[in-house]
There are 2 protein chains.
Amino acid sequence: MHFGEMGSRWGFNRTVGQIFALLVAVDEPLTANDIGDALSISRGNVSMGLKELQSWRLVQVQHKPGDRKDYYHTTGSIWDLANKVFEERRKREMDPTLTLLRDILLETPANSREQDLQGRLREIHDLLEGIMKWTSELQQLSPEKLNTLMKLGSGVGKVLDFKDRLLNKKSD
Amino acid sequence: MHFGEMGSRWGFNRTVGQIFALLVAVDEPLTANDIGDALSISRGNVSMGLKELQSWRLVQVQHKPGDRKDYYHTTGSIWDLANKVFEERRKREMDPTLTLLRDILLETPANSREQDLQGRLREIHDLLEGIMKWTSELQQLSPEKLNTLMKLGSGVGKVLDFKDRLLNKKSD
DNA sequence: TTAAACTTTCAGAAATTTCTGAAAGAAATG
DNA sequence: CATTTCTTTCAGAAATTTCTGAAAGTTTAA
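Definitions and cut-offs
Residues numbered from 1 in each chain as written. Chains lettered and ligands numbered in written order. Predicted model: local features only at pLDDT ≥ 70, side-chain atom pairs only at ≥ 80, totals over all residues. Heavy atoms only, no water. Axes fitted to C-alpha atoms, helices over the stretch in contact; angles between N-to-C directions. Helix = DSSP H or I, 4+ residues; strand = E, 2+ residues; numbered from the N terminus. Parallel < 35°, antiparallel > 145°, perpendicular 65-115°, else oblique. Contact = heavy atoms within 4.5 Å. Nonpolar A, V, L, I, M, F, W, Y, C, P; charged D, E, K, R; others polar. Buried area = accessible area lost by both parts, 1.4 Å probe. Salt bridge = Lys/Arg side-chain N within 4 Å of Asp/Glu carboxyl O. Phe/Tyr/Trp six-rings, centres within 6.5 Å; stacked < 30°, edge-to-face > 60°. Buried < 20%, exposed > 50% of the residue type's maximum accessible area, 1.4 Å probe, protein only. Lys NZ or Arg CZ within 6 Å of the ring centre and 35° of its normal.

*Asks:* Got a minute to help me understand the packing of helix H1 (residues 14-26) of chain B against helix H2 (residues 32-39) of chain B in this structure?
*Replies:* The geometry of a pair of packed helices is captured by two quantities: the angle between their axes and the separation between those axes. Residue and element names in this part refer to chain B. Where H1 contacts H2, the axes come no closer than 11 Å and their chain directions differ by 110°. Viewed along their axes, H1 and H2 adopt a mutual orientation that is roughly perpendicular. Contacts between H1 and H2 involve Gln-18, Ile-19, Leu-22 and Leu-23 on the former and, on the latter, Ile-35, Ala-38 and Leu-39. Across the contact of H1 with H2, the residue classes break down as six nonpolar, one polar and no charged.

Here's what the structure looks like:
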């Protein structure tokens, strides 16, 4: 109950959030009708919601032998789910922005004003692209490594300093 | 022009996005009227938009001597701006979720089903809290360090391994 | 084939968000 | 204090998003 209410903050609408929350909460495959009944949502709306959740790769269809209903359930560990949400959001929010910026940067500036502007847009572009690359690389890392990295927190700075010192020594 | 269209993907509405884009694009202080004229937006709407941007701490008011209009302009480097957007979004999206989760975790589970559920919610809570802490610590890091960290990408894994090996040797 | 048991689609209704413009506020000036 | 020049607020209009439920589609089985 509580949980569903926060749906809208996470990039999908309330119903979708509620459906997802329900599936996480009961942690067992449900039919579309079960979901609609549990949440008092129309059958059509459930269908849309599940479609959306499938496009986020957060929910999968499952079949029970001798039963022709579709059963839906969440997929993977909490860690996997979080990863998918972040990844999809990155795709949906940053990719179009990057494409747009790239297009603008390809245009030939008509005057020095436009050239200035391109300069500033390039900064933004490079920053976003850097973040994109970095985050997607981090997602390749094993959960354990990510965990130590996270525990390290800003202490990461010290490790980097240390590494730099070693490298400098080598190049002396 | 182009730029404003992507406004809605970033946590604020189209108008707010356009206003912000305009201010970044011209990179000089504008009055509310300038903005309204440039974007064909009603005066009231401009006022709302600027209020919102101020609440994101992306835009500041400035005064010119002998002129009683309010001039608005963006604040800080691209890096600062990006930082602020991320920070505000973290606040707006994750904080309420965390509070909610914490409240649920404080309730006493009525039966073993609820206890299971709490277990799963605790996982989510801990994960989110970890991410929150980590990202806010990363933001404390200097841009240069963050930059090397980002360039390192998944290579961070190797640095961590390296650090672990050193520590283990010490404790041998 | 036909029927039964499902799922999906989609037009329009309902809810929500955003925008406008007129009215009210605020601050500076004569 | 009256006026001018600006800003903010807010009720209702407009636009957009979400939801419903009936109709169409799909699959399996007899």
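*Asks:* I tried to follow the interface of chain A and chain B on my own but got confused; where do I start?
*Replies:* Reports of interface size often rely on the accessible area that becomes lost once the parts have come together. Contact with chain A, which involves 52 residues of that partner, is made by 52 residues of chain B. Summing both sides of the interface, chain A and chain B together bury roughly 4900 Å²; the carbon and sulfur share of this comes to 76%. For chain A, the biggest contributors to the area lost against chain B are A:Ile78, A:Trp134 and A:Met150; these three give 13% of the whole. Seen at the junction of chain A and chain B, the total is four salt bridges.

*Asks:* Help me understand the packing of aromatic side chains in this model?
*Replies:* Aromatic ring pairs are defined here through the distance separating the ring centres and the angle between the ring planes. Counted according to the given criterion, the structure contains three aromatic pairs over all chains. Ring centres of A:Trp134 and B:Trp134 lie 6.3 Å apart, and the angle between their planes is 40°; this geometry places the pair in the tilted category. Pair noted here: A:Trp134 is in helix H5 (residues 112-140) and B:Trp134 is in helix H5 (residues 112-140), and the two residues belong to different chains. With a relative accessible area of 8%, A:Trp134 lands in the buried category. One Lys or Arg, A:Arg92, reaches over the ring of A:Trp56 and ends 4.2 Å from the middle of that ring.

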